[in-house]
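Spelled out from the first residue to the last, the chains are:
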2 protein chains.
Amino acid sequence: MSQTAIGTAPETAVSERDMANAIRALAMDAVQKANSGHPGMPMGMADVATVLFNRFIAIDPSNPSWPDRDRFVLSAGHGSMLQYALHYLLGYADMPIEQLQSFRQLGSRTAGHPEYGHALGIETTTGPLGQGISTAVGMALAERMLAARHGDDLVDHHTYVIAGDGCLQEGISHEAIDLAGHLMLDRLILFWDDNSISIDGPTSLSTSMNQPARFEAAGWHVQSIDGHDAEAIAEAIENARQSDRPSLIACKTLIGKGAPNLQGSEKTHGAPLGDAEIAATRENIGWASAPFDVPADILDAWRGIASRGQAKRRIWEQRLAGSPQREVFEAATAGELPDAVFEALNAFRKEHVEKATKVATRKASEMALGAINTATDLTVGGSADLTHSNLTITKGMNRVAPSDYAGSYIHYGIREHGMAAAMNGIALHGGFVPYGGTFLCFADYARGAMRLSALMGQRVIYVMTHDSIGLGEDGPTHQPVEHLAMLRATPNLNLFRPADIIETAECWELALKSKDRPSVLVLSRQNLPMLRHAHSDENRSARGAYVLRETDGPRAATLIATGSEVEIAVAAAEKLQAEHGLATAVVSMPCWELFEEQDADYRKSVLGSAPRVAVEAAARLGWDRWIGDNGAFVGMTGFGASAPAPDLYRHFNITPEAVADAARRLII
Amino acid sequence: MSQTAIGTAPETAVSERDMANAIRALAMDAVQKANSGHPGMPMGMADVATVLFNRFIAIDPSNPSWPDRDRFVLSAGHGSMLQYALHYLLGYADMPIEQLQSFRQLGSRTAGHPEYGHALGIETTTGPLGQGISTAVGMALAERMLAARHGDDLVDHHTYVIAGDGCLQEGISHEAIDLAGHLMLDRLILFWDDNSISIDGPTSLSTSMNQPARFEAAGWHVQSIDGHDAEAIAEAIENARQSDRPSLIACKTLIGKGAPNLQGSEKTHGAPLGDAEIAATRENIGWASAPFDVPADILDAWRGIASRGQAKRRIWEQRLAGSPQREVFEAATAGELPDAVFEALNAFRKEHVEKATKVATRKASEMALGAINTATDLTVGGSADLTHSNLTITKGMNRVAPSDYAGSYIHYGIREHGMAAAMNGIALHGGFVPYGGTFLCFADYARGAMRLSALMGQRVIYVMTHDSIGLGEDGPTHQPVEHLAMLRATPNLNLFRPADIIETAECWELALKSKDRPSVLVLSRQNLPMLRHAHSDENRSARGAYVLRETDGPRAATLIATGSEVEIAVAAAEKLQAEHGLATAVVSMPCWELFEEQDADYRKSVLGSAPRVAVEAAARLGWDRWIGDNGAFVGMTGFGASAPAPDLYRHFNITPEAVADAARRLII
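The structure displayed is predicted, hence computed values, not measured ones.

Another aspect to go through is the overall build of chain A. When its secondary structure is counted, chain A shows 26 helices and 20 strands. The C-alpha atoms of chain A give 28 Å as radius of gyration, which agrees with the globular expectation for 668 residues (26 Å, within 12%). When its C-alpha atoms are laid out on the principal axes, chain A stretches across 90 × 55 × 45 Å. Taking the intrachain contacts of chain A between residues at least 6 apart in sequence as the baseline, contacts between residues at least 24 apart amount to 78%. Counting every atom, chain A has about 20,100 Å² of accessible surface; 46% of that belongs to carbon and sulfur. Averaging the coordinates of the 57 positive side-chain charges in chain A and doing the same for the 80 negative ones gives two points 4 Å apart.

To continue, consider the sheet that holds strand E20 (residues 632-635) of chain B. All names here are of chain B. An order of E16-E18-E17-E19-E20 is seen for the 5 strands of this open sheet, with the pairing classed as mixed. What marks the edges here is a single partner per strand, and that holds for strand E16 (546-549) and E20. Each strand axis lies, on average, 30° off the axis of its neighbour in the sheet, ignoring direction. Two elements, strand E17 (residues 557-561) and strand E18 (residues 584-588), share 5 bridges in a ladder whose sense is parallel. Looking across to E18, one finds that Ala561 is bridged to Ser588.

Before going further, it helps to spend a moment on the pairing of strand E11 (residues 433-439) of chain A. All names here are of chain A. Of all 7 residues that make up E11, 7 are buried, and the element is covered over most of its length. As judged from the 3 bridges shared by strand E9 (residues 379-383) and E11, these two strands associate in the parallel manner. Bridging from a neighbouring strand, Val380 pairs with Pro434 of E11. In this sheet, strand E12 (residues 461-465) lies alongside E11 in parallel orientation, the contact comprising 5 bridges. Among the inter-strand pairings, Thr438 is bridged to a residue of E12, identified as Met464.

What follows deals with the interface of chain B and chain A. Each partner contributes residues to the interface: chain B has 98 residues there, and chain A has 98 residues. In total, about 8,100 Å² of surface goes out of reach between chain B and chain A, with carbon and sulfur atoms giving 58% of it. Considering only the side of chain B, the residues that lose the most area to chain A are B:Ile414, B:Tyr445 and B:Arg451, jointly responsible for 9% of the buried surface there. For the pair chain B and chain A, the interface holds 8 salt bridges. With a closest N to O distance of 2.8 Å, A:Arg451 and B:Glu482 form a salt bridge. The interface formed by chain B and chain A includes 53 residue pairs in polar contact (both at pLDDT 80 or more).

When chain B is brought onto chain A, the operation consists of a screw motion whose angular component is 180° and whose axial shift is 0.0 Å, with 0.0 Å RMSD remaining. Such a combination of turn and shift is consistent with a two-fold rotation axis. Mapped onto chain A, 100% of the interface residues of chain B again fall at the interface, so both copies present the same surface.

Residues and elements named next belong to chain B. Evaluation of the coordinates by the stated rule reveals 79 salt bridges over all chains. With a shortest N-O distance of 2.4 Å, Arg187 and Asp156 are connected by a salt bridge. Of the two residues, Arg187 sits in the loop between helix H7 (171-183) and strand E3 (188-194) while Asp156 sits in the loop between helix H5 (131-150) and strand E2 (159-163), which places them 31 residues apart along the sequence. Look at Arg187 and you get buried, because its relative accessible area is 13%. The class for Asp156 is partly exposed, based on a relative accessible area of 38%.

It is worth spelling out helix H1 (residues 16-34) of chain B at this point. All names here are of chain B. Compared with the 27 Å implied by 1.5 Å per residue over 19 residues, the 27 Å span of H1 between its first and last C-alpha is a close match. Of all 19 residues that make up H1, 15 are buried, and the element is covered over most of its length. Just beyond H1, the residue with positive phi is Asn35, at close to 55°.

So, about the sheet that holds E9(A). All names here are of chain A. What the 6 strands build is an open sheet, ordered E10-E9-E11-E12-E14-E13; its pairing is parallel. Where the open sheet ends on each side, the last strands, each with one partner, are strand E10 (409-411) and strand E13 (494-496). Recorded for the sheet is a direction-independent mean angle of 20° between the axes of neighbouring strands. Bridge count for E12 against strand E14 (residues 519-522) is 4 bridges, and the pairing is parallel.

Residues and elements named next belong to chain B. Inspection of every chain in the model, using the stated rule, returns 28 aromatic pairs over all chains. Here Tyr160 and Phe191 contribute two aromatic rings whose centre-to-centre distance is 6.4 Å and whose plane-to-plane angle is 25°, an arrangement assigned as stacked. Of this pair, Tyr160 sits in strand E2 while Phe191 sits in strand E3; the two residues are 31 residues apart in sequence, bridging distant segments of the chain. Comparing Tyr160 with Phe191, the two get one shared label, buried.

The accessible area lost on association of the parts is a frequent measure of interface size. Residue and element names in this part refer to chain A. Domain assignment breaks chain A into domain 1 (38-316), domain 2 (339-522) and domain 3 (543-667). Centre-to-centre, using C-alpha coordinates, domain 1 lies 32 Å away from domain 2. Counting residues at the interface gives 29 residues for domain 1 and 33 residues for domain 2. Contact between domain 1 and domain 2 buries roughly 2,600 Å² in total, counting both sides, with carbon and sulfur atoms accounting for 67%. Summed over the three residues of domain 1 that lose the most area to domain 2, namely Met145, Arg149 and Glu175, the buried surface amounts to 21% of that side. Scanning the region where domain 1 abuts domain 2 turns up 1 salt bridge. Here Asp178 ties to Arg415 by a salt bridge, and the two come within 2.8 Å at their closest N and O atoms. Counting across the interface, domain 1 meets domain 2 through 10 residue pairs in polar contact (both at pLDDT 80 or more).

Moving on, we get to the side chain of B:Glu565. Residues and elements named next belong to chain B. Note that Glu565 resides in helix H20 (residues 564-580). A distance of 2.6 Å separates a polar atom in the side chain of Glu565 from a polar atom in the side chain of Ser564. Ignoring anything within four residues of it in the chain, the contact list for Glu565 reads Arg497, Val615, Glu616, Ala617, Tyr649 and Ile654.

All right, on to the UniProt feature "domain: Transketolase-like pyrimidine-binding" (unreviewed entry) in chain A then. The feature "domain: Transketolase-like pyrimidine-binding" (unreviewed entry), as annotated in UniProt, sits at residues 359-530 of chain A in this numbering. Secondary structure across residues 359-530 of chain A comprises 38% helix and 18% strand; the distance between its end C-alpha atoms is 8 Å.

To continue, consider unusual backbone geometry. All names here are of chain A. In the Ramachandran plot, Met184 falls in the positive-phi region, its phi being about 55° despite a non-glycine side chain. Among the secondary structure elements, Met184 is positioned in the loop between helix H8 (171-183) and strand E3 (188-194). Judged by its relative accessible area of 24%, Met184 is partly exposed. Unlike most non-glycine residues, Phe292 shows phi in positive territory, near 70°. For Phe292, the position within the fold is in the loop between helix H11 (275-285) and helix H12 (296-321).

Residues and elements named next belong to chain A. With their axes 7 Å apart at the nearest point, helix H4 (residues 80-90) and H12 run at an angle of 85° to one another. With respect to each other, H4 and H12 are oriented roughly perpendicular. Two secondary-structure elements touch here, H4 through Leu86, Tyr88, Leu89 and Leu90 and H12 through Leu299, Trp302, Arg303, Ile305 and Ala306. Looking at the contact of H4 with H12 residue by residue, the classes come out as 8 nonpolar, no polar and 1 charged.

Before going further, it helps to examine the nonpolar core. For soluble globular proteins, the rule of thumb is that nonpolar side chains tend to be buried together. Counting residues in each nonpolar core, the largest one holds 156 residues, and the members touching the most others are A:Trp220 and B:Trp220. One finds A:Val587, A:Val634, B:Ala569 and B:Val587 within the second-largest nonpolar core, a separate group that totals 108 residues.

Here we come to the UniProt feature "binding site: substrate" (unreviewed entry) in chain A. All names here are of chain A. As recorded in UniProt, the feature "binding site: substrate" (unreviewed entry) lies at His38, His269, Arg362, Ser389, His466, Asp474, His478 and Arg525. Taken together, the annotated residues stretch across 488 residues and extend over separate regions, lying up to 48.0 Å apart by C-alpha. Of note, Arg362 is situated in helix H15 (residues 361-375). Taking the relative accessible area as the measure of exposure, Arg362 reaches 16% and is therefore buried. Dropping the residues within four chain positions of it, Arg362 is found in contact with His388, Ser389, Asn390, Leu391, Thr465, His466, Leu523, Ser524 and Arg525. Tracing the sequence through the fold places Asp474 in the loop between E12 and helix H19 (483-488).

Reading the values: rules and limits
- Throughout, a residue's number is its position along its own chain's written sequence, starting from 1.
- Following the order in which they are written, the chains are lettered starting with A and the ligands numbered starting with 1.
- Only residues with pLDDT of 70 or above have their local features reported here, since the model is predicted, and side-chain atom pairs are shown and tallied only from 80 upward, although totals for entire chains, interfaces and linings are computed over all residues.
- Only hydrogens and water are removed before side-chain values are computed, so all heavy atoms of the structure are retained for them.
- Helix numbering and strand numbering both begin at the N terminus, where a helix is a DSSP run of H or I of at least 4 residues and a strand a DSSP run of E of at least 2.
- Radius of gyration: over C-alpha atoms. The globule rule applied is 2.2 Å multiplied by the number of residues raised to the 0.38 power.
- Whether two residues are in contact is decided by their heavy atoms, any of which lying within 4.5 Å being enough.
- Calculation of accessible area relied on Shrake-Rupley with a 1.4 Å probe; when residues are assessed, cover is drawn exclusively from the protein chains displayed.
- Charge assignment in this entry is limited to Lys and Arg as positive and Asp and Glu as negative, and neither His nor the chain termini are counted.
- Taken as the charge location is NZ of Lys, CZ of Arg, CG of Asp or CD of Glu.
- In this scheme, strands are said to pair when DSSP sees at least two bridges between them.
- Between N-to-C directions, angles cover 0 to 180 degrees, with each direction set by a line fitted to C-alpha atoms, over the stretch in contact for helices.
- For the exposure calls, accessible area comes from a 1.4 Å probe over protein chains only, and a residue counts as buried if that area is under 20% of its type's maximum, exposed if over 50%, partly exposed in between.
- Once two parts are put together, the accessible area they lose, assessed with a 1.4 Å probe and summed over both, is termed the buried area.
- Any Lys or Arg side-chain nitrogen located within 4 Å of an Asp or Glu carboxyl oxygen qualifies as a salt bridge.
- Counting of polar contacts relies on pairs of N or O atoms within 3.5 Å, with two restrictions inside protein: one atom must be capable of donating a hydrogen and the other of accepting it, and residues adjacent in sequence are counted only when both atoms are side-chain atoms.
- Here the copies are superposed with least squares, the fitted atoms being C-alpha atoms of residues at a pLDDT of at least 70 in both.
- Multiplying 1.5 Å by the residue count of a helix minus one yields the expected span of that helix.
- Pairing of aromatic rings covers Phe, Tyr and Trp, the last through its six-membered ring, and needs centres within 6.5 Å; plane angles under 30 degrees mean stacked, over 60 mean edge-to-face, and all others mean tilted.
- An automatic or database domain assignment provides the domain bounds reported here.
- UniProt positions are given in the numbering used here, feature names are shortened, and annotations may be inferred rather than shown by experiment.
- When describing relative orientation, an angle under 35 degrees is termed roughly parallel and one over 145 degrees roughly antiparallel, while 65 to 115 degrees is termed roughly perpendicular and anything else oblique.
- Amino acids outside the nonpolar list (Ala, Val, Leu, Ile, Met, Phe, Trp, Tyr, Cys, Pro) and the charged list (Asp, Glu, Lys, Arg) are all regarded as polar, and Gly is one of them.
- Residues belong to one nonpolar core when they are buried, are Ala, Val, Leu, Ile, Met, Phe, Trp, Tyr or Cys, and are joined through side-chain atoms within 4.5 Å.

Dropping the structure here:
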């Protein structure tokens, strides 16, 4: 099978116009059947998608996770029927026509928005606007970084994105395009579906942005074309592939193109066209087939793309087979960390138990990272411009720079949301384990992408320091209160709040081993004492909570704490024992989610039956689960304040005395 | 007292250079004394601030809330010592030198970042980067809207903003500048502290953005100047004031300007200069005074600004006194809603109890808004491009358009974060009560600014629809799970989740009356039945939770629910009574925060002592507080799915049957 020259339409019996009309018909019919969905975008971008797939994209539906495939990201995720239509037409095994017929129905793979993991070939979950383009920046960066390590022979692909006005209005797009322009991510090609329509009506209701000029300001290569002119589309893609910068192709389109009475109107955006308009569209575009029926010659033309992709993949596999890099490349793309990482962390814990090292957990994290990054080069670090506060860089890490991707540390800039989305893209691309830092309070800025880490089950590690009023003088805008609850309420995400250097190393181990769930490491600015008495090979944080200090006899009280407040709980327990003769256990609970997964007996043995007091310098919400009806909570009841940390702990009455008093009130 | 011609420095015995050096000295000395803070930015922007205040700004420290004052926003809030130095120099009564000497200490007004309400003249809380500029867009918009209503005679002021690289890298800045450019907010003037330094080092580590070109693409008037050249600064401000568009003045500055060995380095950004460098700076800039001592002639020059401002204010007050608009203007700026609003809402409730109106609560909200917006013109609505989904526009509302500010509805565009910040700015400016809509899930995008609504105690009303899996086919990316917990954990914010049209009207009343706290109205996409049996003038939602269905005798169980799940709880109670003879009460709990504020007796009377089951189509986190040790929860345990809503409720087992079963398991 010969490979088609890029940019020239392969000779087939049907035109690309017919091929595009197949997308239009499937999209309008599926939305109509579901009585829900967005036909306008797939119909408007059908021509661009057809030329892109027919002439350029290298994917193999028979092997959808081939590492050197091109990545296709539908950032305008509401146009999901574009993606499902493509997948059916290309012949993905899990996307028979029945899936399109059950669009948006329970249990189907054809969810309202493309969901990573629901169907083969969906590279990332989209729908929340701006996420796709920002995730794609991470993919395009990972591609260049992987190529820098393993050579263009093994890694040489593009990331193509379709984005709409919504994606480009969202703030995250600014962070993404600035970072991509700066790093000169030349394998990133973004199609802007410039249809001048958003949900409220014409985009002129709310924006006057000159998008091409904006992208030029960010260092992008920019072209503007008629998005319905196949040759113009092909030429623009050719040019974009030649550019040494990321490329914007502004495609002037008609939303709902083909629908004679509704095209160009916001009415085609988010609702079925209706039977009459669908009939009129069929006539208008010359589509005689019944709903969900694609003529054999047109289907053949589409399936030909798949065959050509398969051929490309086979050629690549031959290169891989002959490459001296093969083993290390395969280990990287499998994402398997070497045992040396975990051996190093175990040795690290042993060393620091013996030394009784007293450091802030952010410092402990830096030290643990030193061990990790020495034992593997799969980790890719970074920070949203707080490198020396988050302590995310370790010795010997070089920065990733424009056109120089050999490094492993990314200065993400003051772009928490963009960083989180880029890390999603890096993790999805494969080859690396990304971690990135900011202050915990600015999880607020990153929330949209952090939720997608969880929804997609990606191993993204958030290093979030300055985790409470303990950060001190910066004051309430920088002091998290509700953020622990926010993250604990998020499904499929582990929040770790370690109490000392040992737990920090344990939590790092758990985060690295958590291949299908993001982790948030929540770390102190202030120094914390080492609380363990002896080393054990067991990772005690792995059960989420454990008894750090047990009593000799029956417990009079149990104190539960996380992170920097475990020290306070230990002091309170000592006080209760020494001054009041009350046998008081201390439970450290670095990870609620893992504790919830333990069996009831274990949970009961940890929590005990004595009155319980929880202490955490944060909102109470959620703690009643662990302290029960007769428990007490010592923590924050409002926002923080600006002052040195010790003053704040006293001011907000989060002290050993307050905890001991609360316990005594429960016992008496 | 004669008014100085704008743009010309008043004749004083001291130079503006000396005046600026007073800022430099106070900033470096205060940071040194606190051993914490950011001297670099105040020292770098001292010249710009001096020219701005000396020649242009109209403020009156003796009457800091004069409605027609210029607004000054320090978006780069870490440079708070710039603001505190200005306030001391200008003679704000609450900012004596002792406050600067207790910078960043407990109880002082000089918090780490400027905190609204902590000191007179602080127009908004800043620190989280990008918020200041985005809030300022709301202020500048409110100014034009107020002027459109009351005339330029009463409303004619500018909003000046100082922003750093961090502010301009954050995504929210994109949303803000696009909106400001689109609406042609010509009274907005933004100084960019272009010092090429961020925390990690030179900005070239992470950005290659051509900021002037970027602002031009957004429709701004753009100038680039030497930020240490007083005449250039003055000329640029003059030009900006003449422009019919918002203005960027890119000010090339040296961070830490004046510190001979450290200026231009990131080392001046976030740490004290140290005694040796401070001594060298004193020598370098010719500042012989002791720490916190400002020579009398220099202080006089600064205090002269205050006097001139006072004179301007008095002239304005004369205009107001003679204005036929006076009464209505004063009512608007006081933010007092007319009684007619609440009378209309009461009549609305009575009408719909009698009609037993069954609508989605988002529709109920639209209907209630119809009554509200008819009774007052202080409300300003909007949506982040989901107007016809959030149902935020009512009959007769005109849109706010470029250079046309008479309307009361804002198409915020696909900019949730920018919308939230703009609403903060509108509320802070005064004259309006802003509300704005998006899907609840996209509270994620708006979080940063929503937190500031709460921290600043602003009456901003978020209309967040599509509040659960009840939104159906759009799927898990659009279905909130953890968002209720996230918002409930946020201090000083009321989250309302009404169960029917009556509660919706009640919650709107409570939100409008909540003058010092933002409210989030969480509303269903799907229809919900009217649950009340009779009208009462009492607002039953005002206590946060109440017994919707009481039992005749002792309760066998209590079911607690919010929003769309109250209907399910009622059905479950009926089932338990009818099929099992179990007397079951139903509690509707539209607002946890208000319920928590009730006395213990009331809370106990509502919750009862029978076993409790809570039902809410969201995460459990937080519910244990209300269901207790022996309670049960029916809700979500992970992310949602894409399907019609009724299918999803069945799939996730959030049904009357599941609730009844859970209750029976507790009773038996």
